[in-house]
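Architecture and fold: a report
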Amino acid sequence: MLSFAPFPESSQRAARRWWAGLRLPGRQADEDEPLRAALFSADQMALHGKQLAARHVLSTVRVRDRLLARLAANEAVLVSVCELLAATVAAKLRITPAAEWLLDNFYLVEEEIRIARRHLPRGYSRELPRLAPGSVNTTSAGLPRVYDLALELISHGDGRVRRGTLSRFVAAYQSVQPLLLGELWAIPIMLRLALIENLRRVAARAAAGREERDRAASWADDMLAVAEKSPTD
């Protein structure tokens, strides 16, 4: 289980300086929006499955396994965000309910990451059919087809996946383009990876918002200090 390092100083201004100086791993990638699209009913999700199958084109080019590296990067970001939140709480600064949930339940997230890593052997995803560029959005090009299906389920289900909706979605997709047995077996793993990916995006955006609020508060403190000492300035 993750153990957070104690906050080095007690003042709120020190907490703000520490927060602003910390850089999250892969910060550039964290500009991504959370996986959120139009909310689909079960019927709409089935139709979407057929539409995806009609658009998907498989690539014949073998590429390196990117999913395990992405899982490690997501874990690093989530750990950093929780360290930020722990420092904020230690400095007696307020955090949002969502941030509080993440901090309180991070042990559950850690467990899901361990399960995903255990059930995705190194090199396994390289054997899965991959999507060719141009048939999907740029972020899914070169990734396993079944992982893109998991991303679509998470995006259009607002992070919730019901068994009936999942079954209809997969059956509708296969009515146009069949999936391999290995892909069907990998669906639970890919859903877990997609949920971790989405949580990383949400957490990183929450951390960025916290950083911006703390920077604004620091500027306000500086302005008040100047106004008190040198009103004419």
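Keep in mind it's a predicted model, so treat the numbers as computed, not measured. (Residues numbered from 1 in each chain as written. Predicted model: local features only at pLDDT ≥ 70, side-chain atom pairs only at ≥ 80, totals over all residues. Heavy atoms only, no water.)

1. Considering the packing of helix 4 (residues 97–104) against helix 5 (residues 106–119)
- Contact pair helix 4 / helix 5: the axes reach a minimum separation of 4 Å and the direction vectors enclose 60°. One way to sum up the angle between helix 4 and helix 5 is to call them oblique. Every residue of helix 5 that contacts helix 4 at Leu102, Leu103 and Asp104 is listed here: Phe106, Tyr107 and Val109.
- Of the residues that constitute the contact of helix 4 with helix 5, the class distribution is five nonpolar, no polar and one charged. (Axes fitted to C-alpha atoms, helices over the stretch in contact; angles between N-to-C directions. Helix = DSSP H or I, 4+ residues; strand = E, 2+ residues; numbered from the N terminus. Parallel < 35°, antiparallel > 145°, perpendicular 65-115°, else oblique. Contact = heavy atoms within 4.5 Å. Nonpolar A, V, L, I, M, F, W, Y, C, P; charged D, E, K, R; others polar.)

2. Examining the packing of helix 2 (residues 42–55) against helix 7 (residues 163–174)
- One can describe the packing of helix 2 onto helix 7 by two numbers: an axis separation of 7 Å at closest approach and a directional angle of 30°. Between helix 2 and helix 7, the angle is such that the two are roughly parallel. Once helix 2 is placed against helix 7, the crossing between them reads as right-handed. Residues Ala42, Asp43, Met45, Ala46, His48, Gly49, Lys50, Leu52 and Ala53 of helix 2 lie in contact with helix 7, whose contacting residues are Thr165, Arg168, Phe169, Ala172 and Tyr173.
- Here the residues of the contact of helix 2 with helix 7 sort into eight nonpolar, three polar and three charged. (Left-handed = near helix turned anticlockwise from the far one by under 90°.)

3. A word on the nonpolar core
- Ranked by internal contacts, the top residues of the largest apolar core, which has 47 residues, are Leu102, Tyr147, Met190 and Leu193.
- When residues of this core are traced back to their parent elements, those giving at least two are helix 2, helix 3 (67–90), helix 4, helix 5, helix 6 (145–156), helix 7 and helix 8 (181–229).
- With residues near it in sequence (within four places) discarded, Tyr147 still touches Leu67, Met190, Leu193, Ala194 and Glu197. (Core = buried A, V, L, I, M, F, W, Y, C linked by side-chain atoms within 4.5 Å. Buried < 20%, exposed > 50% of the residue type's maximum accessible area, 1.4 Å probe, protein only.)

4. Digging into the environment of Glu127
- Mapped onto the secondary structure, Glu127 falls in the loop between helix 5 and helix 6.
- You can call Glu127 exposed: its relative accessible area is 57%.

5. Concerning the pattern of salt bridges
- Under the defined criterion, the tally for this structure stands at nine salt bridges.
- Residue Arg117 pairs with Glu75 through a salt bridge whose shortest N-O separation is 2.9 Å. Of this pair, Arg117 sits in helix 5 while Glu75 sits in helix 3, placing them 42 residues apart in sequence.
- Across the pair Arg114 and Glu111 runs a salt bridge whose closest N-O atoms are separated by 2.8 Å. Placement of both Arg114 and Glu111 in helix 5 is noted, with a separation of three residues, approximately one turn of the helix.
- By sharing partners, the salt bridges in this structure join Arg70, Glu197, Arg200 and Arg201 into a single network. (Salt bridge = Lys/Arg side-chain N within 4 Å of Asp/Glu carboxyl O.)

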